[in-house]
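Topology and contacts: notes
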Amino acid sequence: QVQLVESGGGLVQAGGSLTLSCAASGRAFSMYAMGWFRQAPGKEREIVAGINWSGGTTYYVDSVKGRFTISRDNARNTVYLQMTRLKPEDTGVYYCAASTRSTATMIGDEYHYWGQGTQVTVSS
């Protein structure tokens, strides 16, 4: 079992930056691929970024490439999402998720553990 707690969300102006953190419990964290998802009002949840167990492989959805960076610190059981040049369309609830795979994945069904989410609002 893995429990995930996100933090770092908030209100920011367009063009600004935020860094989200996801603290994980459980000794298996360092073996799991991790991902960040988001859900905008009235829309389905979508994956934003994925990272493999070591942090050596990362994937991003096209809309955030060059602006967002996913990283992890296995010694601290934490995964991060650094978001820069934020746009109003980045607004939504951001979720951290863990997959029992060790390789990075952008397939939502391959994630098995979820945090409660943190709200990110980007004003224009």
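Some thoughts on the overall build of the chain
In terms of regular secondary structure, the chain is built from zero helices and 11 strands. In the chain, the order of α-helices and β-strands from amino to carboxyl end is β-β-β-β-β-β-β-β-β-β-β. The C-alpha atoms of the chain give a radius of gyration of 13 Å, which matches the 14 Å a tight globule of 124 residues would have. Principal-axis analysis of the C-alpha atoms gives the chain an extent of 40 × 25 × 25 Å. Counting across all 124 residues of the chain, residues that qualify as buried make up 43%. Expressed as a percentage of contacts within the chain between residues at least 6 apart in sequence, the contacts between residues at least 24 apart total 59%. Total accessible area on the chain is roughly 6,300 Å²; 47% of this is exposed by carbon and sulfur atoms. Of the side-chain charges in the chain, 11 are positive and 9 negative, and the distance between the mean point of each set is 5 Å.

With respect to the sheet that holds strand β7 (residues 68-73)
Strand order across the open sheet formed by four strands is β1-β3-β8-β7, with antiparallel pairing between neighbours. Each end of this open sheet is capped by a strand with a single partner; those strands are β1 (4-7) and β7. Strand-to-strand, the axes of this sheet are offset by a mean angle of 15 degrees, without reference to chain direction. With six bridges joining them, β7 and strand β8 (residues 78-83) adopt antiparallel strand pairing. For Arg72, the partnering residue across the bridge sits in β8 and is Val79.

Structural notes on the environment of Ser124
Looking at where Ser124 falls in the secondary structure, it is placed in the segment after β11 (118-123). When its relative accessible area of 86% is taken as the criterion, Ser124 is described as exposed. Spatially, the C-alpha atoms of Ser124 and Leu18 are 15 Å apart, while their sequence positions differ by 106 residues. Setting aside residues up to four positions removed in sequence, Ser124 forms contacts with Ala14 and Pro88.

Points about the pairing of strand β3 (residues 18-24)
Only one face of β3 is buried, namely the one carrying Leu18, Leu20, Cys22 and Ala24, since none of Thr19, Ser21 and Ala23 on the opposite face is buried. Note: β1 against β3, four bridges, orientation antiparallel. Within the sheet, the bridge partner assigned to Leu4 lies in β3 and is Ala24. Sheet analysis places β3 next to β8, joined by six bridges and oriented antiparallel. By the bridge assignment for β8, Cys22 is matched with Val79.

A look at the nonpolar core
As a rule of thumb, soluble globular proteins bury nonpolar side chains together. Core analysis: the biggest nonpolar cluster contains 28 residues, and Leu4, Met34, Trp36, Leu81, Met83 and Tyr94 have the highest contact counts within it. Counting residues per element, the ones that place at least two in this core are β3, β4 (33-39), β5 (46-51), β7, β8, β9 (92-99) and β11. The element contributing the most residues to this core is β3, with four residues. Among the nonpolar cores identified, the runner-up in size contains five residues, and Ile47, Tyr95, Ala97 and Tyr111 belong to it.

Observations regarding the state of the cysteines
Tallying each qualifying case throughout the model produces one disulfide. Here Cys22 connects covalently by a disulfide to Cys96, the sulfurs 2.1 Å from one another. Looking down the S-S bond of the Cys22 and Cys96 bridge, the torsion is -75 degrees, so its handedness is left-handed. With a gap of 74 residues between them, Cys22 in strand β3 and Cys96 in strand β9 connect regions that are remote in the sequence. As far as the burial class goes, Cys22 and Cys96 line up, both buried.

What counts, and where the lines are drawn
- Residues numbered from 1 in each chain as written.
- Predicted model: local features only at pLDDT ≥ 70, side-chain atom pairs only at ≥ 80, totals over all residues.
- Heavy atoms only, no water.
- Helix = DSSP H or I, 4+ residues; strand = E, 2+ residues; numbered from the N terminus.
- Rg over C-alpha atoms; globule rule 2.2 N^0.38 Å.
- Buried < 20%, exposed > 50% of the residue type's maximum accessible area, 1.4 Å probe, protein only.
- Contact = heavy atoms within 4.5 Å.
- Areas by Shrake-Rupley, 256 points an atom, 1.4 Å probe, with all protein chains shown as cover.
- Lys, Arg positive; Asp, Glu negative; His and termini not counted.
- Charge placed at Lys NZ, Arg CZ, Asp CG, Glu CD.
- Pairing = 2+ DSSP bridges.
- Axes fitted to C-alpha atoms, helices over the stretch in contact; angles between N-to-C directions.
- Core = buried A, V, L, I, M, F, W, Y, C linked by side-chain atoms within 4.5 Å.
- Disulfide = S-S within 2.5 Å.

Limitation: the analysis is restricted to geometry and does not speak to function.
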